[in-house]
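Working through the structure, step by step
Chain residues, written in single-letter form:
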Amino acid sequence: MIDLRSDTLTQPTRAMVAAIANAAVGDEQKREDPTINELERRGAEFLGQEEAVFLPTATMANQIALNILGTPGDALLVERHAHIMLSELGGPAAHSGLLTIGLPGTHGRFSPDQVVSEIRDRTSVHVAPTRIVAVENTHNSSGGRAWPLEEIDAIVATCREHDLRAHLDGARLVNAATATGVDAARIGRGFDTVTLCFSKGLGCPLGALIAGSAQLMARARRGKHYFGGAMRQAGIVAAAALYALDHHVDRIGDDHVRARRLAAGLAAAGLGVDLDQVETNFVQIDVGPDRGGAIERMKKSGVLVSTTVHPTVVRAVTHLDISDDDIDAAIEAIPTALVATRTEVPLER
Ligand SMILES: *Cc1c(COP(=O)(O)O)cnc(C)c1O
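First, a word on what this report is: a plain description of the structure on this page. Numbering of residues begins from 1 in every chain and follows the order in which that chain's sequence is written. Local features in this predicted model are restricted to residues of pLDDT 70 or higher, and side-chain atom pairs are both shown and tallied only at a pLDDT of 80 or more, whereas totals for entire chains, interfaces and linings draw on every residue. Heavy atoms throughout the structure, all of them, feed into the side-chain values; hydrogens and water do not.

**Focus on the overall build of the protein chain**
Basically, it comes down to this: Secondary structure follows DSSP: runs of H or I at least 4 residues long count as helices, runs of E at least 2 residues long count as strands, and numbering of each begins at the N terminus. We take the radius of gyration over the C-alpha atoms and set the globule estimate at 2.2 Å times the residue count to the 0.38 power. Think of it in three bands: residues with accessible area under 20% of the maximum for their type are buried, residues over 50% are exposed, and the middle band is partly exposed, with areas taken using a 1.4 Å probe on protein chains only. The criterion used for residue contact is that any of the two residues' heavy atoms lie within 4.5 Å. Under the convention used here, a 1.4 Å probe and the Shrake-Rupley method define accessible areas, while residue burial counts only the protein chains that appear. Just so you know, the count uses Lys and Arg for positive and Asp and Glu for negative, and it drops His and the chain ends. Here the site of a charge means NZ on Lys, CZ on Arg, CG on Asp, or CD on Glu.
Looking only at helices and strands, the protein chain has 14 helices and 12 strands in total. Since a compact globule built from 349 residues should have a radius of gyration of about 20 Å, the 21 Å found for the protein chain is in line with a globular shape. The principal-axis extents of the C-alpha atoms in the protein chain amount to approximately 65 × 55 × 35 Å. Taking all 349 residues of the protein chain together, 53% fall into the buried category. Long-range contacts, defined here as pairs at least 24 residues apart, represent 74% of the contacts in the protein chain between residues at least 6 apart. Taken as a whole, the protein chain presents about 14,700 Å² of accessible surface, with 52% of it coming from carbon and sulfur. Taking the average place of the 34 positive charges on the side chains of the protein chain and the average place of its 44 negative ones, the gap between the two points comes to 3 Å.

**Regarding the site of the ligand**
Cut-off, in case you're wondering: By convention in this text, a residue qualifies as near a molecule or strand provided that one of its non-hydrogen atoms is within 4 Å of it. By the criterion applied in these results, polar contacts are pairs of N or O atoms within 3.5 Å in which, for protein atoms, one can donate a hydrogen and the other can accept it, and in which residues neighboring in sequence qualify only through two side-chain atoms. For this scheme, ten residues count as nonpolar: Ala, Val, Leu, Ile, Met, Phe, Trp, Tyr, Cys and Pro. Four count as charged, namely Asp, Glu, Lys and Arg, and the remainder, Gly too, count as polar.
Around the ligand sit 13 residues in total, of which Ala-58, Thr-59, Asp-169, Arg-172 and Lys-200 are the nearest. Asn-140 is positioned with one of its side-chain polar atoms (N or O) 3.1 Å from an oxygen atom of the ligand. Taking Lys-200, its side chain carries an N or O atom lying 2.9 Å from an oxygen atom of the ligand. Compared with its free state, where it exposes 380 Å², the ligand has 87% of that area covered by protein. When residues in the shell around the ligand are grouped by element, the largest group, three residues, is from helix H3 (residues 58-69). Taken together, the residues of the shell around the ligand sort by class into three nonpolar, five polar and five charged.

**Describing the pattern of salt bridges**
Heads up, the condition is: Salt bridge, as used here: a side-chain nitrogen of Lys or Arg that lies within 4 Å of a carboxyl oxygen of Asp or Glu.
Taken as a whole and assessed by the stated rule, the structure comprises 21 salt bridges. Here Arg-5 and Asp-3 are joined by a salt bridge, their closest N and O atoms 2.6 Å apart. For Asp-3, a relative accessible area of 17% puts it in the buried group. Close ionic contact of Arg-41 with Glu-38 constitutes a salt bridge, the shortest N to O distance being 3.3 Å. Of this pair, Arg-41 and Glu-38 both sit in helix H2 (residues 34-46), three residues apart, which is roughly one turn of that helix. Look at Glu-38 and you get partly exposed, because its relative accessible area is 31%. Linked through salt bridges whose partners overlap, the residues forming this network are Arg-258, Arg-261, Asp-324 and Asp-328.

**Focus: the packing of H2 against helix H11 (residues 235-247)**
For the record, the criterion: Comment: axis = line fitted to C-alpha atoms, over the contacting stretch for helices; angle = value between 0 and 180 degrees taken between N-to-C directions. Rotating anticlockwise by less than a right angle from the far helix to the near helix defines a left-handed crossing, while the corresponding clockwise rotation defines a right-handed one.
Put simply, H2 and H11 touch, their axes get as near as 8 Å, and they point 35° apart. The interaxial crossing formed by H2 with H11 has left-handed handedness. Residue-level inspection shows Thr-35, Ile-36, Glu-38, Leu-39, Arg-42 and Phe-46 of H2 in contact with H11, the latter providing Gly-235, Ala-238, Ala-239, Ala-241, Leu-242, Leu-245 and Asp-246. For the contact of H2 with H11, a count of residues per class yields eight nonpolar, two polar and three charged.

**Comments concerning the pairing of strand E3 (residues 75-79)**
Consecutive side chains of a regular strand alternate in pointing toward one face of the sheet and then the other. Cut-off, in case you're wondering: At least two bridges found by DSSP between two strands are what make those strands a pair.
Among the five residues in E3, five count as buried, and that is most of the element. Both faces of E3 are covered, namely the face carrying Ala-75, Leu-77 and Glu-79 and the face carrying Leu-76 and Val-78. In the sheet, E3 pairs with strand E4 (residues 99-103) via five bridges, with the strands oriented parallel. What sits directly across from Ala-75, in E4, is Leu-99. Both E3 and strand E5 (residues 130-136) contribute to a ladder of three bridges, which runs parallel. Within E5, the position partnered with Leu-76 by the bridge is Ile-132.

Spatial relationships are all this shows, so hold off on functional conclusions.
Given below as structure tokens:
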């Protein structure tokens with residue numbers, strides 16, 4: 001089976017398992033786990049921030065970030081299809097009492113003008129004051145699209161100018177950095193808080209970081225306990241993350257090349273793939289109204305894909321466990337599996 005559902009599906013490599021097996025560990029809650037301490041030091045540097053805190057998931061990283069950046073009753077601006085909006089169970093409201101306002105995006109991006117037009121009157125006794133802006137890069141539901149650096153800088157500058165806190169959901173920041181040729185640290189440095197996920201393209205079994213100033217990270221460490229994310233000998237997981245920083249960052253470009261080749265192959269076979277949208281490791285395929293049937297037929301042909309927020313679109317994601325041969329096979333198998341739906345239209349002409 002060629003499993004293109006998500007880059008979360010990777011198995012740890014043998015070398016990563018060896019790094020896990022050899023990890024020096026201690027009680028991370030007492031800051032005595034040397035592997036965690038090393039990962040937090042390197043992670044902060046990698047994300048262009050002063051300090052970082054290791055967490056089990058990027059969802060927790062986002063929720064802690066929003067919790068420390070806002071107070072109950074504040075408003076949070078996100079793109080309306082962002083992970084924070086669609087896939088975190090209303091966490092900003094449940095955990096932190098935030099009113100989330102969804103901005104319509106273009107490829108997951110929004111403009112400084114859109115932010116400014118949502119700034120509410122902070123002196124009013126009626127209006128929830130806008131306090132936090134969250135950017136998602138790469139943007140998952142738009143097909144793994146990356147923000148150009150100028151647009152990131154413009155949003156951050158707008159936040160500074162208007163006394164807004166800026167959060168970067170960089171679950172796939174390494175993909176964004178690779179696609180734009182800009183260091184993750186350069187992208188991350190202007191934000192108050194940054195999330196990075198280790199269990200996506202970086203290929204770890206679990207783990208994430210939140211990064212920010214020392215002052216904010218002191219609060220994030222409290223948040224980590226508060227949300228139940230403080231662990232003990234978690235260095236076994238941090239060892240995988242350190243391994244990934246050393247060995248899986250530079251190879252992310254391979255996933256992008258494979259996604260691009262898959263997209264080109266499928267487009268050449270006449271499928272609904274927009275090549276301009278393929279910037280990172282996602283390929284979005286418009287399979288028409290019978291998406292469930294299309295997914296089933298692809299599965300019977302040995303290829304797994306997943307759904308997206310767009311009702312006719314499926315997603316194929318490349319990752320560490322997808323080889324060039326898998327891409328060749330998928331380029332053969334997917335159009336054949338979808339041929340039933342494809343031939344309907346031409347026959348009537
Ligand atoms: C996957 C993802 C997350 C959450 O990551 P987990 O580690 O699975 O909790 C957050 N933001 C974005 C954009 C994601 O794609």
